[in-house]
Amino acid sequence: MKLLSIQPPAHLKNVINEFWSATIPSTVSGVDEYKILADGAPGIIFQHHNGNSNLFRGQDTALPTSFIYGQKNGAPCTNYIHAASFIFGVNFQTEAIKKLF
């Protein structure tokens with residue numbers, strides 16, 4: 001997986017912590033498992049493989065191609081990626097959603 005972190009311009013730093021992207025190549029097994037750990041901040045994810053969702057909670061529940069996420073409690077969740085993918089995310093500051101909405 002190739003991760004890229006992009007700092008927001010100064011005028012967005014009060015609501016955005018960082019932009020990030022991940023390019024995930026296909027693997028021999030065809031399915032990669034990723035544990036997701038909460039960082040206490042909300043965000044948005046845009047992901048796809050040829051226009052379709054390629055990010056799964058469990059082995060067969062596809063997540064939307066774009067979604068907002070928030071804080072999580074309990075054990076880390078596990079997401080699965082079934083083929084080469086591109087994921088783009090925005091990590092907001094902790095209070096950003098209240099400021100925006």
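Coordinates for the structure precede this section.
Residues numbered from 1 in each chain as written. Predicted model: local features only at pLDDT ≥ 70, side-chain atom pairs only at ≥ 80, totals over all residues. Heavy atoms only, no water.

Q: Give me the pattern of salt bridges: which residues, what numbers.
A: Enumeration according to the criterion identifies one salt bridge in this entry. Between Lys-98 and Glu-95 there is a salt bridge whose closest N-O contact spans 3.8 Å. The exposed category is assigned to Lys-98, whose relative accessible area is 68%. (Salt bridge = Lys/Arg side-chain N within 4 Å of Asp/Glu carboxyl O. Buried < 20%, exposed > 50% of the residue type's maximum accessible area, 1.4 Å probe, protein only.)

Q: Describe the nonpolar core, with residues and values.
A: Membership of the largest hydrophobic core is limited to nine residues, which are Trp-20, Ala-22, Ile-24, Ile-45, Leu-55, Leu-63, Phe-67, Ile-81 and Ile-87. Listed in part, the seven residues of the second largest apolar core include Val-15, Phe-19, Ile-44 and Val-90. (Core = buried A, V, L, I, M, F, W, Y, C linked by side-chain atoms within 4.5 Å.)

Q: Before we move on, could you go through the packing of aromatic side chains and cite the residues and values that matter?
A: Within the structure shown, the criterion is met by two aromatic pairs. Ring geometry for Phe-19 and Phe-88: centres 6.2 Å apart, planes at 20 degrees, overall stacked. A residue pair is termed long-range when its members are at least 10 positions apart, and Phe-19 in strand β2 (residues 16-24) and Phe-88 in strand β9 (residues 85-92) qualify at 69 residues. Centre to centre, the rings of Phe-46 and Phe-88 are 6.4 Å apart; their planes meet at 35 degrees, and the pair counts as tilted. (Phe/Tyr/Trp six-rings, centres within 6.5 Å; stacked < 30°, edge-to-face > 60°. Helix = DSSP H or I, 4+ residues; strand = E, 2+ residues; numbered from the N terminus.)

Q: With reference to specific residues and values, describe the sheet that holds strand β6 (residues 61-62).
A: Taken in spatial order, the four strands make up an open sheet running β3-β8-β5-β6, and their pairing is antiparallel. Sheet topology places β3 (32-36) and β6 at the edges, where each strand pairs with a single neighbour. The pairing of strand β5 (residues 55-57) with strand β8 (residues 77-81) spans three bridges and is classified as antiparallel. Directly across from Leu-55, in β8, lies its bridge partner Ile-81. (Pairing = 2+ DSSP bridges.)

Geometry only, nothing functional implied.
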